[in-house]
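Read off the chains here:
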Amino acid sequence: MTRRMMEVKVDHRRLEILSDRHKFIILVAGRRWGKTWLSLTWLLSGNITANQNRFFVAPTYRQGKMVAWSVLKQMLEHTHCKFNETELRVDLPNNSVIRIVGADRADSLRGVGLKRVVLDEFAFMKPDVWQNVILPMLSSTNGRALFSGTPSGYNHFHKLFIRATDEDDWSCYEYKTIDGGNVPQDEIDRARREMDQRTFSQEFCATFESYEGKLYYNFDPTKVVKKSLKWIKGSELWMTCDFNKSPMVWLVCQRMPDGNLQVIEELVIRYNAKTQNLIREFCKRYEHIQNKLIYLTGDASNKYESHRDFSSDYQIIMGILRENKWHVVNRVPKKNPNINNRVNVMCSLIHHNRIKITDQAHMLINDLQSNESDGRGAKDKKDPMQTHASDAIDYLSWMLYANDFYSTTTTKHQFMGG
Ligand SMILES: Nc1ncnc2c1ncn2[C@@H]1O[C@H](COP(=O)(O)OP(=O)(O)OP(=O)(O)O)[C@@H](O)[C@H]1O
Ligand SMILES: [Mg+2]
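Every residue gets a number counted from 1 within its own chain, in the order that chain's sequence is written. Chain letters start at A and ligand numbers start at 1, both assigned in the order the entries are written. Side-chain atom pairs in this predicted model are given and counted only at pLDDT of 80 or more, local residue features only at pLDDT of at least 70, and totals for whole chains, interfaces and linings cover all residues. Computation of side-chain values covers all heavy atoms of the structure but excludes hydrogens and water.

Participant: Which residues make up the sheet that holds strand E10 (residues 236–242), and what values do they have?
Facilitator: Read from one edge of the open sheet, seven strands run E9-E15-E12-E11-E10-E13-E14, paired in mixed fashion. Both edges of this open sheet fall to strand E9 (225–226) and strand E14 (327–330), since each of them pairs with a single strand only. We call two strands paired when DSSP finds no fewer than two bridges between them. Helical segments are the DSSP runs of H or I of at least four residues, strand segments are the runs of E of at least two, and each set is numbered from the N terminus. Here E10 runs beside strand E13 (residues 293–298); their pairing, made up of four bridges, is parallel. Across the sheet, Cys241 pairs through a bridge with Gly298, a residue of E13. In what follows, a contact means two residues having at least one pair of non-hydrogen atoms within 4.5 Å. Every angle, taken between N-to-C directions, lies between 0 and 180 degrees, and every axis is a line fitted to C-alpha atoms, over only the stretch in contact when it is a helix. With respect to the sheet, helix H13 (residues 362–370) is in contact with E9, strand E11 (248–255), strand E12 (261–269) and strand E15 (355–358), its orientation differing from that of E12 by roughly 110 degrees.

Spelled out as structure tokens, the structure:
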């Protein structure tokens, strides 16, 4: 049986970008527009003379492997290239090299001269990777760069985009998802219904949205907060944890049979919290439950991805839960999702009236009412009591609902930026 060759469409929009001779090109486009495919096509185009290096940079090595490596291999099928699976590296017969690399390991790339580089999902890379690592790699080769991505608030991608509009060496393109021809109109209409307005505009219309002012901009306590919600038999029990010590805030939640979320309790120790004390408190309060099954999530455990390693805290929690006859399902992620993305999922839950919060959850309600952005892509932490409860709910809502709001029929989206 012969396998069908990969078919890469090149319409007039794509052709314009592929034949653009500027040194630096920015492509801002909505989700599933075809950014990654076009970026790879651009990376392979032009004359690849001997001994060139061309890199496709993804926010992380893992994402590069997931979203770009198999596409690149298919694009180079039936050629005389050699593929190195562990290095995500393609060697051409003329000694040129094409590689997929992660911006999370960018320091290890220094010293290589690049003829072309793609920075895919640039909004989700550390801002200094371009200036400090990649740009110097283009200087000796007179190399060129293509930045592609969907916006993520007014961050470094927006800054670069604004600056580029005034510079001779740069050219910019902006497209909505619909312009890419990969997602049909009814699918986009469905996303419009499912997402809150800010998220839809950002993801599908590729607009730079402001996260200034209230982060959970559509939170209305009269609709979301309910008097003394209680544990209900037969619904999945979840606990989501933030490990700040003063305060430490965990939320006890239930996923109801209709799939909606209820926050039934906020467990708090305000000062110098110890993980063992808070989990013992939980065990005492929920001792009466007969079917002791709990799903555990929260702040990522992986010390390489977050600034602290919480794996020992989770070990303590699981140990004490098991001593108290609980069956624990560990759903702690290795990596925290990007803040804008997880705030967006919460806003979409609120938009659809799919979350209820007990009026006892004072810190969470306060956070949802007042949390703001710090203007640099994080939550404003001026008040040390704030943002811990909202972080905890973000982690859980991301875990349970990201794919409800961020999937298209084309494919489930793997969100960038962690
Ligand atoms: N030029 C093209 N020709 C044919 N099919 C394409 C082309 N570009 C994209 N596609 C189809 O659309 C899908 C999405 O493309 P791609 O992954 O490049 O989009 P993206 O904008 O990078 O998406 P995301 O926002 O998820 O990163 C591909 O898996 C492929 O099926
Ligand atoms: Mg992509």
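Participant: Explain the pattern of salt bridges to me, and be specific about the residues and the numbers.
Facilitator: Salt bridge criterion: a side-chain nitrogen from Lys or Arg within 4 Å of a carboxyl oxygen from Asp or Glu. The final tally for this structure, using the stated rule, is 22 salt bridges. Residue Arg89 is joined to Asp91 by a salt bridge in which the shortest nitrogen-to-oxygen separation is 3.0 Å. Classification of Asp91 as partly exposed rests on a relative accessible area of 25%. Residue Lys382 pairs with Asp380 through a salt bridge whose shortest N-O separation is 2.8 Å. We call a residue buried when its accessible area falls under 20% of the maximum for its residue type, exposed when it is over 50%, and partly exposed in between, using a 1.4 Å probe and counting protein chains only. Since its relative accessible area comes to 70%, Lys382 is described here as exposed. The network of salt bridges with common partners includes Arg342, Lys379, Lys381, Asp391 and Asp394.

Participant: Any details on the side chain of Ser152? Residues and values, ideally.
Facilitator: With respect to the helices and strands, the residue Ser152 is situated in the loop between strand E7 (144–149) and helix H5 (156–164). We classify Ser152 as buried; its relative accessible area is 3%. The term polar contact refers here to a pair of N or O atoms within 3.5 Å; inside protein, the definition further demands a hydrogen-donor-capable atom paired with an acceptor-capable atom, and it admits residues adjacent in sequence only when both atoms are side-chain atoms. Among the polar contacts listed, one links the side chain of Ser152 to the side chain of Asn340, at a separation of 3.1 Å. Ignoring any residue separated from it by four or fewer positions in sequence, one finds Ser152 in contact with Ala123, Phe124, Gln202, Asn338 and Asn340.

Participant: Describe unusual backbone geometry, naming the residues involved and giving the relevant values.
Facilitator: The amide bond that connects Ser246 to the next residue, Pro247, takes the cis arrangement and shows omega of 5 degrees. With respect to the helices, strands and loops of the structure, Pro247 is situated in the loop between E10 and E11. In this model, Asn95 sits at a positive phi of 75 degrees, which is unusual for a non-glycine residue. Here Asn95 lies in the loop between strand E4 (89–91) and strand E5 (97–102). Accessibility expressed as a relative area gives 55% for Asn95, which makes it exposed.

Participant: Any details on the nonpolar core? Residues and values, ideally.
Facilitator: If you look at the biggest cluster of nonpolar residues, it comprises 37 residues, and the most contacted ones within it are Phe219, Ile355, Ile357, Leu364 and Ile393. Looking at this core element by element, the count peaks at nine residues for helix H14 (residues 388–406). Setting aside residues up to four positions removed in sequence, Ile393 forms contacts with Leu251, Cys253, Leu261, Val263, Met346, Ile355 and Leu364. We define the nonpolar core as a collection of buried residues of types Ala, Val, Leu, Ile, Met, Phe, Trp, Tyr and Cys that are connected through side-chain atoms lying within 4.5 Å of one another.

Participant: Before we move on, can you summarise the packing of aromatic side chains with the specific residues and values?
Facilitator: Ring pairs are drawn from Phe, Tyr and Trp, using the six-membered ring of Trp, whenever the two centres fall within 6.5 Å, and their geometry is named by plane angle: stacked under 30 degrees, edge-to-face over 60, tilted for the rest. Inspection of every chain in the model, using the stated rule, returns 18 aromatic pairs. Centroid distance Phe24 to Trp170: 4.6 Å. Interplanar angle 35 degrees. Geometry classified as tilted. Of this pair, Phe24 sits in strand E1 (residues 24–29) while Trp170 sits in strand E8 (residues 170–175), placing them 146 residues apart in sequence. With respect to burial, Phe24 and Trp170 carry one shared label: buried. Residues Phe122 and Phe157 carry aromatic rings whose centres are separated by 5.9 Å and whose planes lie at 75 degrees to one another, so their mutual orientation is edge-to-face. With Phe122 in the loop between strand E6 (116–120) and helix H4 (128–139) and Phe157 in helix H5, the pair connects residues that are 35 residues apart, well separated along the chain.

Participant: So what's going on with the domain arrangement of the protein? Residues and values would help.
Facilitator: Accessible area lost on assembly of the parts is the figure often given for the size of an interface. As annotated, the domain borders come from an automatic or database domain assignment. With domains assigned, the protein is organised as domain 1 (12–182) and domain 2 (221–406). For domain 1 and domain 2, the distance between their C-alpha centroids amounts to 37 Å. Taken together, the contact pairs six residues of domain 1 with five residues of domain 2. A buried area of about 410 Å², summed over both sides, lies between domain 1 and domain 2, and 33% of it is on carbon and sulfur atoms. Applying the counting rule to domain 1 against domain 2 returns zero salt bridges. Each residue is assigned to one class: nonpolar for Ala, Val, Leu, Ile, Met, Phe, Trp, Tyr, Cys and Pro, charged for Asp, Glu, Lys and Arg, and polar for all the others, Gly among them. For the side of domain 1 that touches domain 2, a count of residues per class yields one nonpolar, four polar and one charged. Buried area is a sum: the accessible area each of two parts loses on coming together, probed at 1.4 Å, counted once for each and added.

Participant: If you had to explain the pairing of E11 to someone new, which residues and values would you point to?
Facilitator: Working note: regular strand, side chains alternate between the two faces of the sheet. The buried fraction of E11 amounts to seven of the eight residues, a majority that puts the element mostly inside the structure. What sits between the antiparallel neighbours E10 and E11 is a turn of five residues. Summarising the sheet, E11 and E12 pair through eight bridges and their orientation is antiparallel. By the bridge assignment for E12, Trp250 is matched with Leu267. In sequence, E11 turns back onto E12 through a hairpin of five residues, with Gly259 there showing a positive phi of about 90 degrees.

Participant: So, the packing of helix H2 (residues 35–44) against helix H3 (residues 61–75): which residues are in play, and what are the values?
Facilitator: Between H2 and H3, the least distance of the axes is 10 Å, while the angle of their chain directions is 50 degrees. As judged from the angle between their axes, H2 and H3 are oblique. The crossing of H2 and H3 is right-handed. Judged by residue contacts, Thr36, Trp37, Leu40, Thr41 and Leu44 of H2 engage Val67, Ala68, Val71, Leu72 and Met75 from H3. Here the contact of H2 with H3 is built from residues that sort into eight nonpolar, two polar and no charged. Between 65 and 115 degrees an angle is taken as roughly perpendicular, under 35 as roughly parallel, over 145 as roughly antiparallel, and anywhere else as oblique. Take the far helix as your reference; a near helix turned counterclockwise from it by less than a right angle gives a left-handed crossing, and one turned clockwise gives a right-handed crossing.

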